[in-house]
Amino acid sequence: MTNRVKAPGAAHTVPARDAPRRARSVDVAPMGAVRLPGLAFAHRLAAARDAYGRPYALLAAAPGTHTAVLTADHAASLASGAAVSEWAENWSEVIASLGDHPRPVAATVAVRVDPSGMRGHIGLTWRTAPEGRRSKWRLGGAAAVEAAVIVGGALPKVCSMLESALETAVVPLTTQALSGLVRSAYDPSVARMVDAMPGSAAEGPKWAQAAPRSSADAWDHLVHDGCASVSWVMSGAPEHEPLTGLVGDGLPGATTTRLALTHRRPTGGASARGAARGPRPTMVLTATYPTVRQAREAVLDHLSLGTQVRLRRAYGCQAAAFAAALPLGVPVPGGLRPPQTPRHVP
């Protein structure tokens, strides 16, 4: 099998077995490790460059997999008034058609709505170590460098395919942009400032500053950095609920609303149509409010009754659900820290 990497103005084919040799010429700058609330693994971040020379953020959480986060404009697709189920099915087909080598194993498609506007992100996760071998990812180590070759070699083609499907520009996030995305998720008060910063601003948030300074994972909400969030989860997607009803202007009273679809690639050589009938995506809806009281009293009564029944509040794992809605390649459920076992109450 060969790994085809299309460079600007030229096309060439490089055998996949030469990856270790090619990896020696790739620079990977470690940015440290951060453990987000509710997760079983720390996220290690490194700065790398793809086959086009563009800087991108390389994330490692679960052993043997690495994630790159892309940004895209979802406004056009949301303004069409499509149903959530249609949006989810379209994304399943797009993800299934991303190619066989290197093969993405999971993807999280997230849309964020706040007063500054709408942002769309796609977290694509690749398996960078053979099945059964748990790669030891050291900051700047050989495993990280080889992962940068695999992911960086695939990114140009993946971005091009997504641009054709979405009819908008798709680019990988840099380490600073990704740090700002996570920082503003846990601290919405800085979202406008982070969005206004140029990607090369030296004073921007660093990865070590991305996690919340304080957080408390309650049974039905998550308190973090002066605000509170509540998350709901469901298997699949509402069949008749319009996207605008879920994230059009954000949930009533919420400062930030995030809708995320977490996909797992089916195993085997399925076609795009066959793959779309594989595992159903998991949907996470998160709303962030200024006060704990607003978060605890949050309801979805503006949605259809069928959607309200299927969307269930993530009791006992609010921190984990919040992190899973971020496009960071969080393996669901393997990467989530399980809630404490309830004690027997006589």
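Remember, it's a predicted structure, so these values are computed and weren't measured experimentally. (Residues numbered from 1 in each chain as written. Predicted model: local features only at pLDDT ≥ 70, side-chain atom pairs only at ≥ 80, totals over all residues. Heavy atoms only, no water.)

**Q** I keep staring at the overall build of the protein chain and nothing clicks. Help me out?
**A** Secondary structure assignment for the protein chain yields 11 helices and 15 strands. Within the protein chain, counting contacts between residues at least 6 apart in sequence, those at least 24 apart form 73% of the total. Summed over all atoms, the accessible surface of the protein chain reaches about 16,200 Å², with 53% contributed by carbon and sulfur. (Helix = DSSP H or I, 4+ residues; strand = E, 2+ residues; numbered from the N terminus. Contact = heavy atoms within 4.5 Å. Areas by Shrake-Rupley, 256 points an atom, 1.4 Å probe, with all protein chains shown as cover.)

**Q** How should the pattern of salt bridges be read in this particular structure?
**A** One side chain can pair with another of opposite charge once the charged atoms of both are near each other. One pass over the full model with this rule turns up 7 salt bridges. Aspartate 50 is the salt-bridge partner of arginine 54, the closest N and O atoms lying 2.8 Å from each other. Accessibility expressed as a relative area gives 24% for arginine 54, which makes it partly exposed. Residue aspartate 50 is classed as buried on the basis of its relative accessible area of 6%. Salt-bridge contacts for arginine 293 lead to glutamate 297; the nearest nitrogen and oxygen are separated by 3.2 Å. For the pair shown, arginine 293 and glutamate 297 are each scored as exposed. Shared partners join several salt bridges into a network, and the residues in it are Arg112, Asp114, Arg119 and Asp195. (Salt bridge = Lys/Arg side-chain N within 4 Å of Asp/Glu carboxyl O. Buried < 20%, exposed > 50% of the residue type's maximum accessible area, 1.4 Å probe, protein only.)

**Q** Which parts of the structure should I look at to understand helix H3 (residues 84-96)?
**A** Since the α-helix packs 3.6 residues into each turn, any two residues three or four apart lie on the same face. Look at H3: 18 Å from first C-alpha to last across 13 residues, which is about the 18 Å you get at 1.5 Å a residue. Those residues of H3 lying buried are Val84, Trp87, Ala88, Trp91, Ser92, Val94, Ile95 and Ala96. (Expected span 1.5 Å × (residues − 1).)

**Q** Sorry, what's going on with the pairing of strand S5 (residues 55-60) here?
**A** As a general feature of sheets, a regular strand has side chains that alternate between the two faces. In terms of burial, S5 is a largely internal element, 5 of the 6 residues being buried. The sheet contact formed by strand S4 (residues 43-49) and S5 spans 6 bridges and is antiparallel. Counted as the bridge partner of alanine 47 is alanine 57 from S5. Counting the residues between successive antiparallel strands, the hairpin from S4 to S5 contains 5 residues, one of them, glycine 53, with a positive phi of roughly 85°. Of the pairings in the sheet, the one linking S5 to strand S6 (residues 65-72) comprises 2 bridges and is antiparallel in character. Considered in S6, the bridge of leucine 59 is made with threonine 67. (Pairing = 2+ DSSP bridges.)

**Q** Hey, could you run me through the environment of alanine 154 in this one?
**A** Its location among the elements puts alanine 154 in helix H4 (residues 142-166). Sequence spacing of alanine 154 and tryptophan 126 is 28 residues, and the spatial spacing of their C-alpha atoms is 9.7 Å.

**Q** So what exactly am I meant to see when it comes to the packing of aromatic side chains here?
**A** When we look at a pair of aromatic rings, we describe it by the centre distance and by the angle of the planes. With the rule as written, the count across this model stands at 2 aromatic pairs. Between tyrosine 186 and phenylalanine 322 the ring centres are 4.8 Å apart and the planes differ by 40°, which places this aromatic pair in the tilted class. Placement of tyrosine 186 in helix H5 (residues 175-186) and of phenylalanine 322 in helix H11 (residues 318-324) is noted, with a sequence separation of 136 residues between them. Take tyrosine 186: its relative accessible area is 1%, and that puts it in the buried class. (Phe/Tyr/Trp six-rings, centres within 6.5 Å; stacked < 30°, edge-to-face > 60°.)

**Q** Would you mind showing me how to read H5 here?
**A** A rise of 1.5 Å per residue sets the reference length of H5, with its 12 residues, at 16 Å; its end C-alpha atoms lie 17 Å apart and thus fit the reference within 8%. Burial of H5 is extensive: 10 of the 12 residues sit out of reach of the surface. The set of residues buried in H5 consists of Thr175, Gln176, Leu178, Ser179, Gly180, Leu181, Val182, Ser184, Ala185 and Tyr186.

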